[in-house]
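# Understanding the architecture of this molecule
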Amino acid sequence: MRCMRFITGFITVIVAVVAIGATDAVRIVARTPSFDDLMALFDQWRAFQHAPLVDGVPQYTAAAMKAQHTESAKYRKRLETIDPSGWPVPQQIDWYLVRAEMDGLDFDHRVLRPWERDPAFYVTVFAHQSDQPAREGPHADGAVELWRESFPLSPEAIARIAPGIRAIPGLLEQARTNLTGNARDLWVYGTQSVKEQQSVLADLGTRVSGAPESFTRDVKQATAATDAFVSWLEARTASKTGPSGIGIEDYNWYLKHVQLVPYTWQEEVALMERELARAEAALAFEEHRNEKLPVQAPIANADDYARLFDSAIREYMTFLRERDILTIRDYMEPALRGRMGRFREGPREFFTEVNYRDPLVMRTHDYHWFDLGRLAHEPHADPVRRGPLLYNIFVTRTEGFATAWEEMMLQAGMFDARPRSRELIYVLLAERAARALGDLRMHANEFTLEEAARFASTNTPRGWLRLDANTVREEQHLYLQQPAYGTSYMTGKIQAEALLAAARRAGSGFRLHRFMDDLNAAGLIPMALLRWELTGERPDDVARMLAH
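This is a predicted model, so every value here is computed, not measured.

Definitions and limits used
- Residues numbered from 1 in each chain as written.
- Predicted model: local features only at pLDDT ≥ 70, side-chain atom pairs only at ≥ 80, totals over all residues.
- Heavy atoms only, no water.
- Helix = DSSP H or I, 4+ residues; strand = E, 2+ residues; numbered from the N terminus.
- Rg over C-alpha atoms; globule rule 2.2 N^0.38 Å.
- Buried < 20%, exposed > 50% of the residue type's maximum accessible area, 1.4 Å probe, protein only.
- Contact = heavy atoms within 4.5 Å.
- Areas by Shrake-Rupley, 256 points an atom, 1.4 Å probe, with all protein chains shown as cover.
- Lys, Arg positive; Asp, Glu negative; His and termini not counted.
- Charge placed at Lys NZ, Arg CZ, Asp CG, Glu CD.
- 1 Å grid on protein atoms, 1.4 Å probe; cavity = no way out; pocket = protein on both sides within 12 Å on 5 of 7 lines; lining within 4 Å.
- Points joined across faces, edges and corners; volume = space filled by probe spheres on them.
- Axes fitted to C-alpha atoms, helices over the stretch in contact; angles between N-to-C directions.
- Parallel < 35°, antiparallel > 145°, perpendicular 65-115°, else oblique.
- Left-handed = near helix turned anticlockwise from the far one by under 90°.
- Nonpolar A, V, L, I, M, F, W, Y, C, P; charged D, E, K, R; others polar.

All right, on to the overall build of the protein chain then. Tallying secondary structure elements over the protein chain gives 25 helices and four strands in all. Taken against the 2.2 N^0.38 rule, which gives 24 Å for 548 residues, the C-alpha radius of gyration of the protein chain at 25 Å falls within 12% of a compact globule. Summarising its shape, the C-alpha atoms of the protein chain cover approximately 80 × 65 × 50 Å along the three principal directions. Expressed as a percentage of the 548 residues in the protein chain, the buried residues total 54%. For the protein chain, the share of sequence-separated contacts (at least 6 apart) that also reach a separation of at least 24 residues comes to 77%. Accessible area for the protein chain stands at about 24000 Å²; split by element, carbon and sulfur atoms hold 53% of it. Distance from the positive charge centre (65 side chains) to the negative charge centre (75 side chains) of the protein chain: 2 Å.

As structure tokens, then:
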């Protein structure tokens, strides 16, 4: 046994020497790599994974990306010299999270190649806040998040956003060389995303009077560059004829290695079909039970909007507090109120149809804003979990748990006095399952984006996911850009329910309040790893996924 240990240790040293050089390897001879070594590697990795800058412009040229991919292998080798098996479970999980991020960059280079295939990758100016810890989908470095700023812009605000605005002409000029892919749907709908940046920059140009001349000039140049880029993209649209999906084999690799989801593409299809059928069957019984009740009419004016949204937020927070479901923090209610928005006339998008019938329903999915509040006000002590994971690795926890929470609150009794609102929960679930099947079939190249949009629209109850509206195609475009995003709502929900069941089985002292606090304290990590951390149980499917 001692001999085997010696041989194992010797091999580890040799690997370290090859991976990081003799000088650094001397330290490994002296001691076993520790969690502190992982944290040091993590900091270096996060700095490395950004594209190199030249004159303030991130470089996504073929040469720059080839060099980055080659260099990234060294970070992976360094990670493999660190054996976390004897560490506490949360620290072991951090090792797997770092590995998943490294696999994410590798996948971008080998398969996704957004800088080559997706014009929307070069959109870097955003007027609205994402409800996720990091903006959805792949984007070039240098994002300008205008929603963070107040107008008129202060000198400090201009200093924050000017570098990103100034980089746009150079980035879009570079994109003309980089975009050599033939993915038609990504090209067509990516062009629409660039047009949205056109509008945002045009609006910004009307709001910077009084700003320094250098900044107003940068805004004008960024606007002109975006206009010219749209024309360039449109002139080449007809030549783009290839598929945009990544294929089932690569989708399976991405699920296992990056998103840390313990299902295959085939299993996810079966799960989504089952959830779609279950949602529609439950809806049929809810509608039958309520058939003698008045139909819910949508909110009709601004006064009712303000009154009903205010009432919904107060009712929701009171319910959570009085039912002792989780610890209430001071930032939670203000976070919800900050997202109330305002009443709008005219045709409604899918989620507005739900919101305007009962504002209480979507407050459950607004668990997102509790998550973001916790990131801001109670940052995790662990550096890996303190901010958002790369490659949207958090989505089974963020989107999945928020979706699970909708039906959990129904089961908790929040809609007992609102029977028609129970119907809305199942309308939402059906829509999520239908669009997830679009995600899966687009990436299998069985559906075009338009076919995925039609499928989702047809299979969403009540005709609310309209083909003549924006939501249906915007969602499918995101899912085409970011594999497994569309399925994460439902796969995360399924795993959240399994986690809750496992925690309840673990002992007679189960309390929902403690479970929720433990879940929140663990951070925004994949549901499969949350189950391991919160229960000490690593199911066979998770063990197989982590053993690659």
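From this point, things continue past the structure.
A separate point is empty space enclosed by the protein. One pass over the structure, following the stated rule, counts one cavity of 30 Å³ or more. Taken as a whole, the largest cavity encloses approximately 40 Å³ of empty space. Around the largest cavity sit Leu-112, Pro-114, Arg-117, Asp-118, Pro-138, Leu-186, Leu-480 and Gln-481, which together line it. Breaking the lining of the largest cavity down by element, the ones donating at least two residues are α6 (114-117) and α21 (471-481).

Within the secondary structure layout, Arg-397 lies in helix α18 (residues 395-412). What makes Arg-397 buried here is its relative accessible area of 1%. Beyond its immediate chain neighbours, meaning those up to four positions away, Arg-397 contacts Tyr-367, Asp-371, Ala-402, Leu-519, Asn-520, Gly-523, Leu-524, Ile-525, Met-527 and Leu-530.

Where helix α11 (residues 265-289) contacts helix α19 (residues 419-443), the two axes come as close as 8 Å, and the packing angle between them is 155°. Taken together, α11 and α19 sit at an angle that is classed as roughly antiparallel. Seen along the crossing, α11 lies across α19 with a hand that is left-handed. Considered class by class, the residues forming the contact of α11 with α19 number 17 nonpolar, no polar and 11 charged.

The next subject is the side chain of Arg-422. Take Arg-422: it is sitting in helix α19. Not counting residues up to four positions away in its chain, the partners in contact with Arg-422 are Glu-286, Arg-289, Leu-410, Phe-415 and Asp-416.

All right, on to the layout of surface pockets then. Considering only enclosed or pocket space, the second largest pocket measures out at about 1000 Å³ in volume. Along the walls of the second largest pocket sit 38 residues, with Ala-134, Arg-135, His-139, Asp-141 and Leu-390 positioned nearest its centre. Breaking the lining of the second largest pocket down by element, the ones donating at least two residues are α4 (62-80), α5 (89-112) and α6.

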